[in-house]
Amino acid sequence: MSKIAILCDSCCDIPQELAEKYGIDIMGFHILLDGVDYIERENCTFTEFYDLMRKAEGVPSTAAITPMQFCAKYCEYVDKGYTDVIHVPINRSASSTYNNALLAQDLLREERPEHHMRIHLLDPHTYSMPFGWNVCEMARKLQNGAEINHVIDEFNDKMARIEIILGPYSLKQMKKSGRISAAAAFAGELLGLRPIITLIDGKTKVENKVRGDDKVIPAMLALCEKRTAELGGLENVEYMIGHTCIAQKDELVKACRKAFGHEPLIVFPLGGVVSANTGPDTLALVYVGKRREG
């Protein structure tokens, strides 16, 4: 009989109550800020981390989870008799974490040479609850008796359709992380321009620039409507809302309810790893678009 573990890193941003409900293990990233090493989900809450970033002299950097750390977790699963592990780390193009998980499988063969546990390493191609929500869906369906290959195929299909639109209200972190150029950040700060950015398959692209904070949310919705036009209107589109606990969050929720005509799947705070790149003053509109090939 199958005994299946599900493993993520803290970039998934799955709330602890959902992780416990579905038996999902989450390993924390290290985040370095002004010389202090924070372990995500252990040392401070999301809102505390946003405040730390706003007050910091520098910007945060993250450290990938190592092959040895993953191997130790895999060994734990082998010793507990698990037949399968579904491992969903941060998207492959953004971090060495995925490749470290591959190296961990080689280490596991040295540590437990007789093991027969199957490791299903999945690339979510995205960040935060856009994949965390669907990891929870995998776990829920497995608890209800679904076949492992079926839920993995469903997950991969959904990840090939997830897109994110970011609306940052400050540009300090995005400039430092390389999400936007230093020149664009300088112009934005000088002229009050706000970039509207897509995040698709781990790649960012500035799609538009608007002047003034009040233009950000309408521009985000207009871009979403344009990108999902082939699906027959926003009323047919699943969506989520991410935020860094800023006042504009409620405005985005209200505007989305009107535009989509239905509630979001979830409204969630962006975690430390994600906000380390987007900055502490950001909105995210996540939606399920048309399937991308390749």
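In the block above lies the structure referred to throughout.
Small disclaimer: the values here were computed from a predicted structure and weren't measured.

Cut-offs and rules
Residues numbered from 1 in each chain as written. Predicted model: local features only at pLDDT ≥ 70, side-chain atom pairs only at ≥ 80, totals over all residues. Heavy atoms only, no water. 1 Å grid on protein atoms, 1.4 Å probe; cavity = no way out; pocket = protein on both sides within 12 Å on 5 of 7 lines; lining within 4 Å. Points joined across faces, edges and corners; volume = space filled by probe spheres on them. Helix = DSSP H or I, 4+ residues; strand = E, 2+ residues; numbered from the N terminus. Nonpolar A, V, L, I, M, F, W, Y, C, P; charged D, E, K, R; others polar. Core = buried A, V, L, I, M, F, W, Y, C linked by side-chain atoms within 4.5 Å. Buried < 20%, exposed > 50% of the residue type's maximum accessible area, 1.4 Å probe, protein only. Contact = heavy atoms within 4.5 Å. Polar contact = N/O pair within 3.5 Å; in protein donor to acceptor, adjacent residues only side chain to side chain. Pairing = 2+ DSSP bridges. Right-handed = clockwise from strand over helix to strand, strands pointing away. Expected span 1.5 Å × (residues − 1). Phe/Tyr/Trp six-rings, centres within 6.5 Å; stacked < 30°, edge-to-face > 60°. Lys NZ or Arg CZ within 6 Å of the ring centre and 35° of its normal. Axes fitted to C-alpha atoms, helices over the stretch in contact; angles between N-to-C directions. Parallel < 35°, antiparallel > 145°, perpendicular 65-115°, else oblique. Left-handed = near helix turned anticlockwise from the far one by under 90°.

A. Layout of empty space enclosed by the protein. Applying the stated rule across the entire model yields two cavities of 30 Å³ or more. In this model, the largest cavity occupies a volume close to 70 Å³. Lining the largest cavity we find Tyr127, Ser128, Pro130, Ile164, Leu166, Leu199, Phe268, Leu270, Val274, Thr278, Ala284 and Val286. Elements that contribute at least two residues to the lining of the largest cavity include exactly strand E8 (162-168), helix H11 (272-278) and strand E13 (282-288). When its residues are assigned to classes, the lining of the largest cavity shows ten nonpolar, two polar and no charged. As for the second largest cavity, its lining consists of Ile31, Tyr38, Ile39, Glu40, Arg41, Cys44, Thr45, Phe46, Phe49 and Gly272.

B. Molecular detail of the nonpolar core. Of all hydrophobic cores here, the largest spans 49 residues; its most connected members are Ile24, Ile86, Val88, Val135 and Met138. Top element by residues in this core is helix H5 (residues 129-143). It accounts for seven residues. Among residues more than four places away in sequence, those in contact with Ile86 are Ile4, Ala5, Ile6, Leu7, His120, Leu122, Met138, Leu142, Ile148 and Ile152. Listed in part, the 23 residues of the second largest apolar core include Ile165, Leu223, Tyr239 and Leu252.

C. Quick peek at the environment of Thr282. Note on placement: Thr282 falls in strand E13. Judged by relative accessible area, Thr282 falls into the buried class, the value being 0%. Sequence spacing of Thr282 and Ile246 is 36 residues, and the spatial spacing of their C-alpha atoms is 7.6 Å. In terms of polar contacts, Thr282 uses its side chain to reach the backbone carbonyl oxygen of Thr278, at 3.0 Å.

D. Seen up close, the pairing of strand E11 (residues 239-243). Of all five residues making up E11, five are buried, and the element is well covered by its neighbours. Here E11 shows no split at all, with Tyr239, Ile241 and His243 on one side and Met240 and Gly242 on the other all buried. In the sheet, E11 pairs with E13 via five bridges, with the strands oriented antiparallel. The residue of E13 that forms the bridge with Ile241 is Leu285. Relative to strand E12 (residues 267-269), E11 runs parallel, the two being bridged by three bridges. By the bridge assignment, Gly242 is partnered in E12 with Phe268. Assessed by its sense of winding, the connection that carries the chain from E11 through helix H10 (residues 248-260) to E12 is right-handed.

E. Geometry of H5. For H5, spanning 15 residues, the distance from its first C-alpha to its last is 20 Å, which sits close to the expected 21 Å at 1.5 Å a residue. The complete set of buried residues in H5 reads Met129, Pro130, Phe131, Gly132, Asn134, Val135, Cys136, Met138, Ala139 and Leu142. Just past H5, the residue Gly145 takes up positive phi, approximately 100°.

F. Molecular detail of the packing of aromatic side chains. As enumerated under the stated definition, the model contains three aromatic pairs in all. The interplanar angle of 70° and the centroid separation of 5.3 Å between the aromatic rings of Tyr77 and Tyr82 together place this pair among those described as edge-to-face. Note on Tyr77: relative accessible area 1%, which makes it buried. A ring pair is formed by Tyr239 and Phe260, whose centres lie 3.9 Å apart and whose planes are at 20°; its orientation type is stacked. You can see Tyr239 sitting in strand E11 and its partner Phe260 sitting in helix H10, a full 21 residues away along the chain. Its guanidinium or amino end placed over the ring of Tyr82, Lys3 lies 4.6 Å from that ring's centre, counting from NZ or CZ.

G. Highlighting the packing of H5 against helix H6 (residues 148-159). Following both chains from N to C, one finds H5 and H6 inclined at 160°, their axes separated by 10 Å at the closest point. The angle between the axes of H5 and H6 places the two elements in the roughly antiparallel class. With respect to the hand of their crossing, H5 and H6 are arranged in right-handed fashion. Across the interface between the two elements, Pro130, Phe131, Asn134, Val135, Met138, Lys141 and Leu142 of H5 pack against Ile148, Val151, Ile152, Glu154, Phe155, Lys158 and Met159 of H6. Tallied by class, residues from the contact of H5 with H6 come to ten nonpolar, one polar and three charged.

H. Broad picture of the pairing of strand E9 (residues 193-200). Within E9, eight of the eight residues are buried, which leaves the element mostly enclosed by the surrounding structure. With burial as the criterion, each face of E9 is covered, one bearing Leu193, Pro195, Ile197 and Leu199 and the other bearing Arg194, Ile196, Thr198 and Ile200. In this sheet, E9 lies alongside E8 in antiparallel orientation, the contact comprising three bridges. When the bridges of E9 are listed, Ile164 appears paired with Leu199. The pairing of E9 with strand E10 (residues 203-211) spans eight bridges and is classified as antiparallel.

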